[in-house]
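Commentary on secondary and tertiary structure
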Amino acid sequence: MTTTPDPGAFFREMLGQWEQMANQFGGQVMKSGEFSRVMQGANSATMTAQAAAHQMMDKALAAANMPSRSEVEDLSARVRRIEEAVGRIEAMLMAQAGIAPPERPKPKRTRKPPGPSA
């Protein structure tokens, strides 16, 4: 009885050998000082490009008289603090008046999104 060679086994063995060689080569390259200097230079260039892009965007937004992202985030934080303060004041006034705070409806825990309001 003769068995036919398994082409999948041959492919798996070749792939395993290729991965092993690639890992050895990659490990040797990453250990070198040149690789780390190149990676550091690339990282530095990326950071410089990002900073330049942010500065250009800030200048463009300022020229268009529009707020930057950081300004919008600051305003959002300020509004959130104001809303929390108003909520605390409202709760204290309701407690002094003896009024129970209104129940807020809780969202339904279903997998279906809510349907259109009728």
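These figures come from a predicted structure and were not determined experimentally.

Looking at the overall build of the protein chain
Broken down by element type, the protein chain carries three helices and zero strands. Counting from the amino terminus, the protein chain carries its helices and strands in the arrangement α-α-α. A compact globule built from 118 residues should have a C-alpha radius of gyration of about 13 Å, whereas the protein chain, at 31 Å, is more than 25% larger. Overall, the C-alpha framework of the protein chain stretches about 95 × 55 × 30 Å when taken along its three principal axes. A burial count over the protein chain gives 3% of its 118 residues as buried. Carbon and sulfur atoms provide 61% of the accessible area of the protein chain, an area that totals close to 11700 Å². Of the charged side chains in the protein chain, 15 are positive and 12 negative, and the gap between their average positions amounts to 7 Å.

Considerations on the confidence of the model for the protein chain
Across the protein chain, pLDDT averages 87, with 96% of residues at or above 70. Mean pLDDT per element in the protein chain: helix α1 (residues 7–31) is the minimum at 88, and helix α3 (residues 69–97) is the maximum at 93.

Concerning a nonpolar patch on the surface
A contiguous nonpolar surface patch, about 490 Å² in accessible area, is contributed by F11, L15, W18 and M21. Among the structural elements, F11 can be located in helix α1.

Details of the pattern of salt bridges
Applying the stated rule across the entire model yields one salt bridge. Measuring nitrogen to oxygen at the nearest pair gives 3.4 Å for the salt bridge that ties R69 to E73. Of this pair, R69 and E73 are both found in helix α3, four residues apart, which corresponds to roughly one turn of the helix. Judged by relative accessible area, which is 67%, R69 ranks as exposed. By relative accessible area, E73 is classed as partly exposed at 45%.

Thoughts on the environment of R12
One can find R12 in helix α1. In this structure R12 comes out as exposed when scored by relative accessible area, which is 54%. In this structure, the C-alpha to C-alpha distance between R12 and G87, residues 75 residues apart in sequence, is 65 Å.

The rules behind the values
- Residues numbered from 1 in each chain as written.
- Predicted model: local features only at pLDDT ≥ 70, side-chain atom pairs only at ≥ 80, totals over all residues.
- Heavy atoms only, no water.
- Helix = DSSP H or I, 4+ residues; strand = E, 2+ residues; numbered from the N terminus.
- Rg over C-alpha atoms; globule rule 2.2 N^0.38 Å.
- Buried < 20%, exposed > 50% of the residue type's maximum accessible area, 1.4 Å probe, protein only.
- Areas by Shrake-Rupley, 256 points an atom, 1.4 Å probe, with all protein chains shown as cover.
- Lys, Arg positive; Asp, Glu negative; His and termini not counted.
- Charge placed at Lys NZ, Arg CZ, Asp CG, Glu CD.
- pLDDT = per-residue confidence, 0-100.
- Patch = residues over 30% accessible without salt bridge, like charges linked within 9 Å, V, L, I, M, F, W, Y side chains within 5 Å.
- Salt bridge = Lys/Arg side-chain N within 4 Å of Asp/Glu carboxyl O.

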